[in-house]
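Spelled out, the chains give:
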Amino acid sequence: MAILDLANPTRFLALSARLLPWLFAACVVAFAAGLYMTFFVAPDDYQQGATVKIMYLHVPAAWLAMMCYSVMAVSSLGTLIWKHPLADVSAKAAAPIGAAFTLISLITGSLWGKPMWGTYWVWDARLTSVLVLFIMYLGLIALWRTIEDPIRAGKAAAVLTLVGAINLPIIKFSVDWWNTLHQPASVIRMDGPTIHPTILWPLLVMALAFTLLFFVMHLMAMRNEILRRRLRTMQLQAASARVGVATSQAAE
Amino acid sequence: MTDLLALGPHAGFIVACYLVTLGVIGALFAWILADGARLRARLSAMEAQGVTRRSARARKSNAGEAGS
Amino acid sequence: MSGWMGALFLRELRLSLRVGGGALIGVLFFLAVITVIPFGVGPDLNLLALIGPAVLWIGALLATLLGLDRLFQADRDDGSLDLMLMSGRPLEVLVLVKCLAHWAGTGLPLVLAAPVLSIFLNLEPLAIGAVALTLLAGTPALTLIGAIGAALTVSLRRGGLLLAVLVVPFSIPVLIFGVSASGAAVTEPTPFMTPFLLLCALTLISAVVGPVAAAMALRFSSD
């Protein structure tokens, strides 16, 4: 029922306008709490020292990079299967945000790598997969920008997004395989069951804050996209009206 | 500030990370806001020219019929 | 049933091998890439033998990417793609046949040229065989995955570059397993069969995903 309600863009605009201030407030609160915990509660790592504070940006950004792609994949299913009118709006709005978070994850990862590994870039399995994901985001954005008609662009991008969703696990697996072939696991591992609560809680709060930030920006970008399509139809209408007037004048 | 937080020998990298994140998110936010403002301005300019969407026209004609 | 498939296959193959078909330009490009490599990394024969399989694979990947825009573009330009869409045949099978014919015209010559070119790179006979075998198993996957990009960009005027950008991420697994398998054939301890079988699996997966997705994209681009 909620999904059907949202199918009407005008209703979606009204609903999202009511929802946005609350989401934004929650996002600000979560960021305040998360940053406070990061800098004043979370202890330094005994191996990595204070650089562990980079993790509170890097891991949520990487999580969002993946979540954003899942949002786009679900939206693409909505475009292709249910022909939901807002699905391709959602997918198109999510792509630049996903690319931005992937970029943040890459930059913080390499800035973390410099003190830890002594170099800005290591062809580590995770960093490499994120780089491939970044290229896929940019390719999708490029595809959207080259096809002029928004409906056709949405369908083409939906096909590509779903092919990407099928291929991403394969790419991840092959990159992992390639990585173990070339360098036996020597990188710092911070995943695993023994992550201490004093580190885990700030991380979870920061992840929540980033997720809320994603939804705030996604809703705003979706509203922009709906307005952009309205503007486009109005421009086309105005142009065809002008042509109509011109031809009728010519006929007289 | 850095002394207060005691970020250790790699403070520069940590600060750089937070600044980069702030910069990227800030740029994205600013772009979304500017894009929205531009679109709203152009939409209202179109409406001022008298171009209306089909649904708006239908609503207006319905109101006209009800009035007459 | 198989009559129209055979006819389509032969038509595509003939068109790609004829004047203006441009299939063999891919091999020429392959040769050019391999020739350029020693100017970049130096003429050290040991180094060339070490990176040889990787260079051959990357050359084959680039040559395949360059030829992909021919897959649907010419048929769209002269309208025969619309006829194929309206013919009532299963579009997925049609795309698969077109891909196989395209591979026979552009991919197979690359596989046949690889042993000759590997002499330039100082490869041992065993490595030459391994590279040729992995290319034989792997290049169909590149064409089949590339068909998705070709179908998505078929309506664009200058889709060739975008096509390459879209397809490259998906070709990474093929490249990884192809190069690992041909490397494993030379270095003793690592097994050859594991990456080779994974490469074959990738080709089979892309034989399903590629035609289905490309057919979907073609249907959308026509309406």
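All values derive from a computational prediction rather than experimental measurement.

**Overview of the overall build of chain A**
So, point 1. Secondary structure assignment for chain A yields 7 helices and 0 strands.
So, point 2. Moving toward the C terminus, one meets the helices and strands of chain A in the order α-α-α-α-α-α-α.
So, point 3. Looking at chain A as a whole, 52% of its 252 residues qualify as buried.
So, point 4. When contacts within chain A are restricted to residue pairs at least 6 apart in sequence, those whose partners lie at least 24 apart make up 82%.
So, point 5. Put simply, chain A shows about 12,000 Å² of open surface, and 71% of that area lies on carbon and sulfur atoms.

**A closer look at the interface of chain A and chain B**
So, point 1. Taken together, the contact pairs 41 residues of chain A with 32 residues of chain B.
So, point 2. Here chain A meets chain B over a buried area of about 3,400 Å², counting both sides, of which 79% is carbon and sulfur.
So, point 3. Interface area lost by chain A to chain B is led by Asn224(A), Leu231(A) and Met234(A), which between them contribute 18%.
So, point 4. The interface formed by chain A and chain B holds 1 salt bridge in total.
So, point 5. Linking Asp35(B) and Arg228(A) is a salt bridge whose minimum nitrogen-to-oxygen distance equals 2.8 Å.
So, point 6. Summed over the shared surface of chain A and chain B, the number is 3 residue pairs in polar contact (both at pLDDT 80 or more).
So, point 7. Of all the secondary structure elements, the ones that give two or more residues to the side of chain A that touches chain B are α2 (9-41), α3 (55-82), α4 (87-117) and α7 (197-251) of chain A.
So, point 8. For the side of chain A that touches chain B, the leading source of residues is α7(A), giving 16 residues.
So, point 9. For the side of chain A that touches chain B, the class distribution of residues is 28 nonpolar, 7 polar and 6 charged.

**Re the packing of aromatic side chains**
So, point 1. Inspection of every chain in the model, using the stated rule, returns 12 aromatic pairs over all chains.
So, point 2. Relative to Phe13(B), the ring of Tyr120(A) lies with its centre 6.5 Å away and its plane at 55°, an arrangement referred to as tilted. Placement of Tyr120(A) in the loop between α4 and α5 (125-146) and of Phe13(B) in helix α2 (residues 11-48) is noted, with the two residues assigned to different chains.
So, point 3. The rings of Phe31(A), Phe101(A) and Phe210(A) are connected pair by pair, giving a single aromatic cluster.

**Details of the confidence of the model for chain A**
So, point 1. Across chain A, the average pLDDT comes to 83, with 88% of residues at 70 or higher.
So, point 2. For the stretch residues 184-190 of chain A, pLDDT sits under 50, and the model shows 10 contacts to residues farther than four places along the chain or on other chains.

**Observations regarding unusual backbone geometry**
So, point 1. Located in the positive-phi region is Lys83(A), a residue other than glycine, with phi close to 50°.
So, point 2. Here Lys83(A) shows up in the loop between α3 and α4.

**Considering the packing of α3(A) against α4(A)**
Residue and element names in this part refer to chain A.
So, point 1. Across the interface, α3 lies against α4 with an axial gap of 8 Å and an inter-helix angle of 160°. In terms of orientation, α3 and α4 fall into the roughly antiparallel class. Once α3 is placed against α4, the crossing between them reads as left-handed.

**Remarks on the pattern of salt bridges**
So, point 1. Inspection of every chain in the model, using the stated rule, returns 13 salt bridges over all chains.
So, point 2. In this structure, Lys98(C) and Glu12(C) form a salt bridge, with 2.9 Å as the shortest nitrogen-oxygen distance. Of this pair, Lys98(C) sits in helix α6 (residues 91-120) while Glu12(C) sits in helix α1 (residues 2-17), and the two are 86 residues apart along the sequence. We note that Lys98(C), like Glu12(C), is buried.
So, point 3. Taken together, the salt bridges that share partners define one network made up of Asp88(A), Lys92(A), Glu225(A), Arg228(A), Arg229(A), Asp35(B) and Arg38(B).

**A short note on the interface of chain A and chain C**
So, point 1. In this complex, chain A contributes 27 residues to the contact, which on the side of chain C involves 26 residues.
So, point 2. In this assembly, chain A packs against chain C so that about 2,300 Å² is buried in total across both faces, 87% of it on carbon and sulfur atoms.
So, point 3. Of all residues in chain A, the largest losses of buried area upon contact with chain C belong to Arg152(A), Val159(A) and Trp177(A), amounting jointly to 23% of the total for that side.
So, point 4. Counting the contacts that link chain A with chain C gives 0 salt bridges.
So, point 5. On inspection of chain A and its partner chain C, the count reaches 1 residue pair in polar contact (both at pLDDT 80 or more).
So, point 6. Among the elements that take part in the side of chain A that touches chain C, helix α6 (residues 150-182) of chain A stands out by supplying 17 residues, more than any other.
So, point 7. Of the residues that constitute the side of chain A that touches chain C, the class distribution is 20 nonpolar, 5 polar and 2 charged.

**Focus: the nonpolar core**
Generally speaking, nonpolar side chains in soluble globular proteins are found buried as a group.
So, point 1. Counting residues in hydrophobic clusters, the biggest one holds 157 residues, and the most contacted among them are Phe101(A), Leu143(A), Phe210(A), Met217(A), Phe30(C) and Phe72(C).
So, point 2. Examining the composition of this core, we find that 19 residues originate from one element, α7(A), more than from any other.
So, point 3. Ignoring anything within four residues of it in the chain, the contact list for Phe72(C) reads Leu81(C), Val95(C), Lys98(C), Ala147(C), Ala150(C), Ala151(C), Val154(C) and Leu218(C).

**A short note on the environment of Cys200(C)**
All names here are of chain C.
So, point 1. Here Cys 200 is to be found in helix α9 (residues 193-222).
So, point 2. Relative accessible area serves as the criterion here: at 23%, Cys 200 is assigned to the partly exposed category.
So, point 3. For the pair Cys 200 and Ala 141, spaced 59 residues apart in sequence, the C-alpha to C-alpha distance is 8.7 Å.

**As for the side chain of Thr153(C)**
So, point 1. Take Thr153(C): it is sitting in the loop between α7 (125-152) and α8 (160-184).
So, point 2. Beyond its immediate chain neighbours, meaning those up to four positions away, Thr153(C) contacts Gly159(C), Leu162(C), Leu163(C) and Leu166(C).

**Digging into α7(C)**
Note that an α-helix has 3.6 residues per turn; residues three or four places apart therefore point the same way.
Residues and elements named next belong to chain C.
So, point 1. In a regular helix each residue adds 1.5 Å, so 28 residues correspond to 40 Å; α7 covers 40 Å between its end C-alpha atoms and thus fits that length.
So, point 2. In the structure, α7 departs most strongly from a straight axis at Leu 136, where the bend amounts to approximately 35° and where the proline Pro 140 lies between one and four residues downstream.
So, point 3. Taking burial as the measure, the 28 residues of α7 include 23 buried ones, the bulk of the element.

**Let's talk about the environment of Val93(C)**
Residue and element names in this part refer to chain C.
So, point 1. Relative to the elements of secondary structure, Val 93 occurs in helix α6.
So, point 2. A sequence separation of 119 residues divides Val 93 from Val 212, and the C-alpha atoms of the two residues are 8.6 Å apart.
So, point 3. Val 93 has contacts with Trp 4 and Met 5, leaving out every residue within four places of it along the chain.

Rules of the game
Residues numbered from 1 in each chain as written. Chains lettered and ligands numbered in written order. Predicted model: local features only at pLDDT ≥ 70, side-chain atom pairs only at ≥ 80, totals over all residues. Heavy atoms only, no water. Helix = DSSP H or I, 4+ residues; strand = E, 2+ residues; numbered from the N terminus. Buried < 20%, exposed > 50% of the residue type's maximum accessible area, 1.4 Å probe, protein only. Contact = heavy atoms within 4.5 Å. Areas by Shrake-Rupley, 256 points an atom, 1.4 Å probe, with all protein chains shown as cover. Buried area = accessible area lost by both parts, 1.4 Å probe. Salt bridge = Lys/Arg side-chain N within 4 Å of Asp/Glu carboxyl O. Polar contact = N/O pair within 3.5 Å; in protein donor to acceptor, adjacent residues only side chain to side chain. Nonpolar A, V, L, I, M, F, W, Y, C, P; charged D, E, K, R; others polar. Phe/Tyr/Trp six-rings, centres within 6.5 Å; stacked < 30°, edge-to-face > 60°. pLDDT = per-residue confidence, 0-100. Axes fitted to C-alpha atoms, helices over the stretch in contact; angles between N-to-C directions. Parallel < 35°, antiparallel > 145°, perpendicular 65-115°, else oblique. Left-handed = near helix turned anticlockwise from the far one by under 90°. Core = buried A, V, L, I, M, F, W, Y, C linked by side-chain atoms within 4.5 Å. Expected span 1.5 Å × (residues − 1). Bend = angle between axes of the 7 residues up to and from the residue.

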